[in-house]
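Examination of the molecular architecture
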Amino acid sequence: MGKLTIGTFSSLVGSLSLDFAVKLAEAAVKKGHEVDFWLSGNATMLGKKNQSKFRDYSYLLGTIEELLKTGKFQITLCEACGKARGIHKEDIIEGMNIYSMDWYLASMYNADRVIHIGGE
Amino acid sequence: MAVKKYAFIIEKLPYKSETSRLALTHAIASQTVEIHLEEGESVEPVIAFVGDGVLNCLKDQKALDMYGVTSQEMHIKNALLLDLKVLVCKEDLEKYGLTEDDIIMDAEEIGGEVTTEIVPFSEIMNVIETADQVLFF
């Protein structure tokens, strides 16, 4: 089985790029692969806890929580991008990491595939 | 020592979104990546501006004065200071009627030694083809 690194930069609301990335991660984990998932820029909104589920907006936290339980999925939020948006360690869901941008670059180093999904 | 080459290809305009800024900050973050890697492993970033992205390289940006945020110019100069390879697509510069006099070519005032390279698109394609990872911003 391989390791997939997915970098995301699009916002949780206003684009479906993040939805696509999470679906891709879910499919990869279901096939037995490991996934490192990087949240940068506006994508850091995905890390915020206490999101409400409305049908008009994407709700991805449930899937993320299920993926974290598999042990094959790591999700990391960019520290500077998060702090600039008022998202700190205490604001994010349990199991999510906060690191600086070098984490993403390091994750790519030994990934079998990297999918970098740019921002708006 | 295993060095992996990452190509940061920047096509987005500056300031319209955060994208090109994130490209530069991620590229600069390569300087500390080794804390997460095994001994002997490292990353060599190459930054290439193409298409509208060449406008990130214009001189005399005033983002700090006008908006109180660091400019793309400051990030590019920091990249040069750190000896990162910075390429600008020659054909795309010409499309905008720009020359090396209009763009950031060095970071001499802060002690940088390497300079920006204006190169044909074919050379940037070569960087893309030989990179271990390509990150398109």
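About the cut-offs
- Residues numbered from 1 in each chain as written.
- Chains lettered and ligands numbered in written order.
- Predicted model: local features only at pLDDT ≥ 70, side-chain atom pairs only at ≥ 80, totals over all residues.
- Heavy atoms only, no water.
- Salt bridge = Lys/Arg side-chain N within 4 Å of Asp/Glu carboxyl O.
- Helix = DSSP H or I, 4+ residues; strand = E, 2+ residues; numbered from the N terminus.
- Buried < 20%, exposed > 50% of the residue type's maximum accessible area, 1.4 Å probe, protein only.
- Phe/Tyr/Trp six-rings, centres within 6.5 Å; stacked < 30°, edge-to-face > 60°.
- Contact = heavy atoms within 4.5 Å.
- pLDDT = per-residue confidence, 0-100.

Next up on the list: the pattern of salt bridges. For the structure shown, the criterion picks out ten salt bridges over all chains. E26 of chain A is the salt-bridge partner of K30 of chain A, the closest N and O atoms lying 3.8 Å from each other. Of this pair, K30 of chain A and E26 of chain A both sit in helix α1 (residues 17-30), four residues apart, roughly one helical turn. For K30 of chain A, a relative accessible area of 69% puts it in the exposed group. Overall, the relative accessible area of 26% leaves E26 of chain A in the partly exposed class. The partner of E117 of chain B in a salt bridge is K85 of chain B, and the shortest N-O contact between them spans 3.3 Å. One end of the pair, E117 of chain B, is in strand β4 (residues 117-119); the other, K85 of chain B, is in strand β3 (residues 85-89), with 32 residues separating them in the sequence. Exposure remark for E117 of chain B: the relative accessible area of 27% places this residue in the partly exposed category. Looking at K85 of chain B, the relative accessible area reads 36%, which means it is partly exposed.

Here we take up the packing of aromatic side chains. Residue and element names in this part refer to chain A. This model, assessed by the stated rule, comprises seven aromatic pairs over all chains. Between F37 and F73, the aromatic rings sit 5.9 Å apart at their centres with planes inclined by 50°, giving tilted as the arrangement. On the criterion of sequence distance, the pair formed by F37 in strand β2 (residues 34-39) and F73 in strand β3 (residues 73-78) is long-range, its members being 36 residues apart. Assigned by exposure class, F37 and F73 land together as buried.

Residues and elements named next belong to chain B. For helix α3 (residues 72-81), the tally of buried residues reaches seven of ten residues, placing the bulk of the element in the interior. For α3, the set of buried residues is Q72, E73, H75, I76, K77, A79 and L80. Where α3 is buried, its residues contact α1 (19-28), β2 (41-49) and β3. Note on α3: the residue one or two positions beyond its end, D83, has a positive phi of about 65°.

Moving on to the confidence of the model for chain B. Of all residues in chain B, 99% attain a pLDDT of 70 or more, and the chain-wide mean is 97. Predicted as a complex, the structure gets a pTM of 0.94 and an ipTM equal to 0.92.

Extensive coverage of α1 of chain B is indicated by the burial of nine of its ten residues. Of the positions making up α1 of chain B, those classed as buried are T19, S20, R21, L22, A23, L24, H26, A27 and I28 of chain B. Taken together, the buried residues of α1 of chain B touch β2, α3 (79-84) and α4 (102-109) of chain A together with β1 (2-10), β2 and α3 of chain B.

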